[in-house]
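Chain residues, written in single-letter form:
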Amino acid sequence: MIYHILAIGDVVGEQGLAHLSKSLRAVKKLKDVHFTVVNGENAAGTGILPRQVEDLYAAGADVVTLGNHTFRRQQIAGRLEEDPYLLRPANFTGRAPGRGWGVYDCGHIQIGVMNLIGRCGLDFHADNPFIAADRLLRGDAPRFTVVDFHAEATSEKLAMGYYLDGRVSALWGTHTHVPTADGQVLPKGTGYVTDLGMTGPIRSVLGIPPEQSVELFLGGVPGPYQVADGPCKMEGVLFRLDGESGRCVDVEQIDIR
């Protein structure tokens with residue numbers, strides 16, 4: 001049997017949440033999706049609030065992953081401790097609340113979801129994500145394991161893809177909000193894409209109004225980031241995984257506007 005695992009790129013603001021709520025379930029039905037992972041770390045612009053986690057589940061997310069803005073909204077700390085379907089990067093320090101790995105039922109099999117954060121270009125004292133992945137993959141593994149690697153550098157993401165090739169079913173990048181055209185099945189059977197893209201305003205710079213971003217690059221004082229208005233898009237990737245081998249057989253880009 002082929003299982004369809006859908007990964008959705010960073011949801012930005014209430015505008016992105018609204019578009020996700022309008023679009024996701026229809027896509028899941030159309031593509032016969034068995035399991036959905038949504039990155040929600042920008043649901044509040046930067047960070048996420050507990051009520052927005054509920055909105056993501058209501059929209060159709062099975063698991064919500066986070067990233068470098070995990071703790072921008074302190075209200076989320078308690079939710080991270082109690083909610084097994086809400087993941088923050090596993091290679092944060094041991095002092096951080098929450099978890100970065102979970103195993104979930106997916107029909108007759110189980111799926112492991114791992115959330116990691118990169119260290120190149122991100123101002124974090126995170127543990128080495130490669131070593132963290134090794135640690136989490138020790139012992140008995142579920143049939144499928146998928147990874148949301150929240151990282152800035154394309155080189156770090158691609159290196160991780162090859163490092164875990166054959167050991168995980170799929171690995172995708174998040175954080176940079178721009179979909180990459182390199183969706184592929186790596187030589188040992190891992191589905192891969194460098195970045196999923198984002199779910200949020202089309203006419204924006206990574207979700208914020210273009211004029212605000214331009215002001216920043218001109219050296220001005222743009223003020224607190226706002227989420228842009230206007231029509232939205234939902235970007236992601238559908239991974240088709242073989243239920244016998246656990247390997248990926250196909251990668252399909254999703255773009256709903």
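### Observations concerning the overall build of the protein chain
- Along the protein chain, the regular secondary structure elements total six helices and 14 strands.
- Radius of gyration (C-alpha) of the protein chain: 17 Å, near the 18 Å computed for a compact globule of 257 residues.
- Expressed as lengths along the three principal axes of its C-alpha atoms, the size of the protein chain is roughly 55 × 40 × 35 Å.
- Looking at the 257 residues of the protein chain, the share that counts as buried comes to 56%.
- For the protein chain, long-range pairs separated by at least 24 residues make up 63% of all intrachain contacts whose partners lie at least 6 apart in sequence.
- Accessible surface, the protein chain as shown: approximately 11,200 Å² in total, 52% of it carbon and sulfur.
- The distance from the centre of the 24 positive side-chain charges to the centre of the 30 negative ones in the protein chain is 2 Å.

### Considerations on the packing of aromatic side chains
- Overall, the coordinates contain six aromatic pairs when judged by the stated rule.
- Aromatic side chains tyrosine 3 and phenylalanine 144 sit 5.4 Å apart centroid to centroid with 70 degrees between the ring planes, which places their arrangement in the edge-to-face category. Taken together, the positions of tyrosine 3 in strand β1 (residues 2–8) and phenylalanine 144 in strand β8 (residues 144–150) put the pair 141 residues apart, joining distant regions of the chain. Considered together, tyrosine 3 and phenylalanine 144 belong to a single accessibility category, that of buried residues.
- An aromatic cluster is built from Phe35, Tyr85 and Tyr104, whose rings are joined through pairwise contacts.

### Thoughts on a nonpolar patch on the surface
- A contiguous nonpolar surface patch, about 220 Å² in accessible area, is contributed by Val178, Val205 and Leu206.
- Inspection of the secondary structure assignment puts valine 178 in the loop between β9 (170–174) and β10 (184–185).

### A few points about helix α2 (residues 50–59)
- Among the residues making up α2, those that are buried are Gln52, Val53, Leu56, Tyr57 and Ala59. All buried residues of α2 lie within an arc of 160 degrees about the axis, which places them on one face of the element.
- Buried positions along α2 lie against β2 (10–11), α1 (13–30), β3 (35–39), β4 (63–65), α3 (76–82) and β5 (86–87).
- Where α2 terminates, the next one or two residues include glycine 60, which has phi positive at roughly 130 degrees.

### Observations regarding the nonpolar core
- If you look at the biggest cluster of nonpolar residues, it comprises 24 residues, and the most contacted ones within it are Leu6, Leu20, Val38, Leu56 and Leu86.
- At the level of elements, β1, α1, α2, α3 and β13 (232–242) are the ones that each hand at least two residues to this core.
- If we ignore the near neighbours within four places in the chain, the residues touching leucine 86 are Val53, Tyr57, Val64, Leu66, Ile76, Arg79, Leu80 and Arg99.
- Grouped together as the second largest cluster of nonpolar side chains are 23 residues, Val63, Cys106, Val113 and Val251 included.

Conventions and cut-offs
- Residues numbered from 1 in each chain as written.
- Predicted model: local features only at pLDDT ≥ 70, side-chain atom pairs only at ≥ 80, totals over all residues.
- Heavy atoms only, no water.
- Helix = DSSP H or I, 4+ residues; strand = E, 2+ residues; numbered from the N terminus.
- Rg over C-alpha atoms; globule rule 2.2 N^0.38 Å.
- Buried < 20%, exposed > 50% of the residue type's maximum accessible area, 1.4 Å probe, protein only.
- Contact = heavy atoms within 4.5 Å.
- Areas by Shrake-Rupley, 256 points an atom, 1.4 Å probe, with all protein chains shown as cover.
- Lys, Arg positive; Asp, Glu negative; His and termini not counted.
- Charge placed at Lys NZ, Arg CZ, Asp CG, Glu CD.
- Phe/Tyr/Trp six-rings, centres within 6.5 Å; stacked < 30°, edge-to-face > 60°.
- Patch = residues over 30% accessible without salt bridge, like charges linked within 9 Å, V, L, I, M, F, W, Y side chains within 5 Å.
- Salt bridge = Lys/Arg side-chain N within 4 Å of Asp/Glu carboxyl O.
- Arc of directions from axis to C-beta.
- Core = buried A, V, L, I, M, F, W, Y, C linked by side-chain atoms within 4.5 Å.

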